[in-house]
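The lines below spell out each chain.
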Amino acid sequence: DDDGDPLLLLDAPTRRRCEAAAPAYDPVAAAAAEHFREISQRTHCIFAKQASLWGSHGWQEDATLEDNVRQSLPALRRFLLATTKDEVDIFVVEVVGKDFFASLSEFGRTVWRVLKVISDDDPKGIHALNSSLAGQTDKGWIMSYGGLPLFVLTFCPLYPATHSRHMFGTNPSSCFMLLQSGVAFQDAGEFNLSAE
């Protein structure tokens with residue numbers, strides 16, 4: 001009986017593409033995960049303090065934002081497999097450079113650029129950011145990757161201490177995007193997690 005197998009959340013071709021991914025670094029030991037842990041340990045959210053994190057590839061200043069994100073895509077594909085088996089909670093993407101969050105508008109563009117690279121690599125081929133509804137969560141759109149819904153949480157130094165995304169003065173040259181699989185919320189109540 002395979003009904004209880006969480007890997008069935010990924011269709012067979014998508015699962016094979018994810019299994020074939022070979023990260024060039026250890027996402028568990030990534031600096032991005034360690035840097036975000038400094039924030040998560042100070043937050044009032046009890047779940048954040050206990051979350052298991054994987055991180056993006058180390059930032060390379062001589063590469064574009066898009067090329068930096070591409071370095072993490074094999075690990076993100078492996079994250080899909082791990083999250084369906086409850087082995088990890090969050091994938092942390094760290095973007096280094098104050099120009100990427102010079103204003104909240106610029107930070108929004110940075111988030112879009114990161115998500116676009118991820119969407120373009122979608123191992124299932126859904127390409128969530130190519131939808132005419134992309135970004136319009138009020139109209140039912142949700143980010144997905146490999147057919148799994150992803151909740152995207154963003155953090156940058158611009159958020160004040162009164163905001164839930166405040167960074168407590170840590171890593172003042174970085175901003176973060178957290179990707180959390182909707183699989184983690186399947187038993188949490190009534191909401192539609194369809195990525196298609």
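Peer 1: Where do I start with the overall build of the chain in this structure?
Peer 2: Scanning the chain for helices and strands turns up six helices and five strands. Reading the chain from its N end, one meets helices and strands in the order α-α-α-β-α-α-β-α-β-β-β. Split into buried and exposed, the 196 residues of the chain put 45% on the buried side. For the chain, the accessible area works out to roughly 10100 Å², and carbon and sulfur atoms hold 50% of it.

Peer 1: Hey, could you run me through helix α5 (residues 73-84) in this one?
Peer 2: Along an α-helix, a turn takes 3.6 residues, which lines up residues three or four apart on a common side. Given a rise of 1.5 Å per residue, 12 residues ought to cover 16 Å, and the 17 Å separating the end C-alpha atoms of α5 matches this to within 8%. Of all 12 residues that make up α5, 10 are buried, and the element is covered over most of its length. All buried positions along α5 are accounted for by L73, A75, L76, R77, F79, L80, L81, A82, T83 and T84. Once α5 ends, the next one or two residues include D86, with phi positive near 60°.

Peer 1: Sorry, what's going on with the nonpolar core here?
Peer 2: Soluble globular proteins: nonpolar side chains tend toward being buried together. Counting 39 residues, the largest nonpolar core has F91 and I118 as the members making the most contacts within it. The set of elements that each furnish at least two residues to this core consists of α4 (65-70), α5, β2 (90-96), α6 (104-120), β4 (148-155) and β5 (174-181). Setting aside its immediate chain neighbours within four residues, F91 contacts Y25, W54, G55, S56, S72, A75, L76, F79, M177, L178 and L179. Of all hydrophobic cores here, the second largest spans 12 residues; its members include A51, I90, V92 and M167.

Peer 1: I'm lost on the environment of A32 in this one. Help?
Peer 2: Its place among the elements puts A32 in helix α2 (residues 31-40). Residues A32 and G58 lie 26 residues apart in sequence; the distance between their C-alpha atoms is 7.1 Å.

Peer 1: Looking at this structure, how should I read the sheet that holds β2?
Peer 2: Adjacent strands of a sheet form backbone hydrogen bonds with each other and so pair up, either parallel or antiparallel. Here we have five strands laid out as an open sheet, ordered β1-β2-β5-β4-β3, and mixed in their pairing. The open sheet has two edge strands with one neighbour each: β1 (53-55) and β3 (144-145).

Peer 1: I would appreciate a short explanation of the pairing of β2 in the present structure.
Peer 2: The side chains of a regular strand alternate between the sheet's two faces. The buried fraction of β2 is high, at six of seven residues. Bridge count for β1 against β2 is three bridges, and the pairing is parallel. Looking at β2, one finds that G55 is bridged to V92.

What counts, and at which threshold
Residues numbered from 1 in each chain as written. Predicted model: local features only at pLDDT ≥ 70, side-chain atom pairs only at ≥ 80, totals over all residues. Heavy atoms only, no water. Helix = DSSP H or I, 4+ residues; strand = E, 2+ residues; numbered from the N terminus. Buried < 20%, exposed > 50% of the residue type's maximum accessible area, 1.4 Å probe, protein only. Areas by Shrake-Rupley, 256 points an atom, 1.4 Å probe, with all protein chains shown as cover. Expected span 1.5 Å × (residues − 1). Core = buried A, V, L, I, M, F, W, Y, C linked by side-chain atoms within 4.5 Å. Contact = heavy atoms within 4.5 Å. Pairing = 2+ DSSP bridges.

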